[in-house]
Amino acid sequence: MVGEMNASRTARERVRAELTREIKDIARRQLAVEGAAGLSLRAVARELGMVSSAIYRYFPSRDELLTALIIEAFDAVGAAVEEADAACPRDRHLDRWMAVCRSIRAWALAHPHEYALIHGSPVPGYVAPQDTAAPAARDGIVMAGILRDANEAGGLSPLTGLPPPPIAFAPDGEQLREALFSPFCDDIILRALWAWTAVYGAVSFELFGMYKTVIEHDRAATFDHMALTQARILGLREDAPTA
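Source: prediction; values computed, not measured. (Residues numbered from 1 in each chain as written. Predicted model: local features only at pLDDT ≥ 70, side-chain atom pairs only at ≥ 80, totals over all residues. Heavy atoms only, no water.)

Draft legend 1. Focus on the pattern of salt bridges. Considering all chains together, one arrives at 20 salt bridges under this definition. As a salt-bridge pair, Glu72 and Arg28 come within 2.1 Å of each other at their nearest N and O atoms. Here Glu72 is found in helix H4 (residues 62–86), whereas its partner Arg28 is found in helix H1 (residues 2–34), with 44 residues between them in sequence. Between Arg219 and Glu216 there is a salt bridge whose closest N-O contact spans 3.8 Å. The exposure class assigned to Arg219 is partly exposed, which follows from its relative accessible area of 24%. Each of Glu18, Arg21, Lys24, Asp25, Arg28, Glu72 and Glu114 takes part in one network of salt bridges that share partners. (Salt bridge = Lys/Arg side-chain N within 4 Å of Asp/Glu carboxyl O. Helix = DSSP H or I, 4+ residues; strand = E, 2+ residues; numbered from the N terminus. Buried < 20%, exposed > 50% of the residue type's maximum accessible area, 1.4 Å probe, protein only.)

Draft legend 2. Representation of the packing of helix H7 (residues 133–152) against helix H9 (residues 186–207). With their axes 12 Å apart at the nearest point, H7 and H9 run at an angle of 130° to one another. For the element pair H7 / H9, the angle class is oblique. Judged by the sense of rotation from one axis to the other, the crossing of H7 with H9 is right-handed. Seen from H7, the contacting residues are Asp139, Gly140, Met143 and Leu147; seen from H9, they are Ala192, Trp196 and Tyr200. Of the residues belonging to the contact of H7 with H9, the class tally is five nonpolar, one polar and one charged. (Axes fitted to C-alpha atoms, helices over the stretch in contact; angles between N-to-C directions. Parallel < 35°, antiparallel > 145°, perpendicular 65-115°, else oblique. Left-handed = near helix turned anticlockwise from the far one by under 90°. Contact = heavy atoms within 4.5 Å. Nonpolar A, V, L, I, M, F, W, Y, C, P; charged D, E, K, R; others polar.)

By themselves, these observations are geometric and do not establish any function.
Rendered as structure tokens:
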């Protein structure tokens, strides 16, 4: 009897997991057509062939479905970044940086609507819950780890001629140091923020059509130039050739 109950529960769990996956797949297709603001639980239910009230047993509101999609998108790009970093030797810090930057661009080009969900225009009326914070930080943790490893290996070159961080940044710098960027000074933290902004800004410009008639011939090479320029600003040195 217990075995039958467990088997029945497992079967129900499989059905629920499969329906949840189908709901999210349909919602992603809606994103491509309607955008995040147009996401509708009723429309998802209609495409699934279920009554609209049934879908609320899986996602009680549109915002909960949005949150699930956002978390999966952040986790997906985070996993791509982690995989790209892990594929490089630990002591080749510049190679790791370039691999990470390229992986963000590649993921965005392969999943444009999911990228737009997490890095495009805010969805009117939607406030992301705290549940999204950890997935959203996965790529930044990898970036900070590359800088930390390079710093410990003596691989961050000092730069001259850059303006000092504004005094007003000190509280933000302290908070970021505690969360992610220990043991770096405010100067390196700000350089890291600007570099990360440049990476995602370049991806967004390409994905959202801002490079049309501006960069037409080899956007991958141009992106690499941007990422390498940011590496120099961060102070990452050229990796020594392997033996």
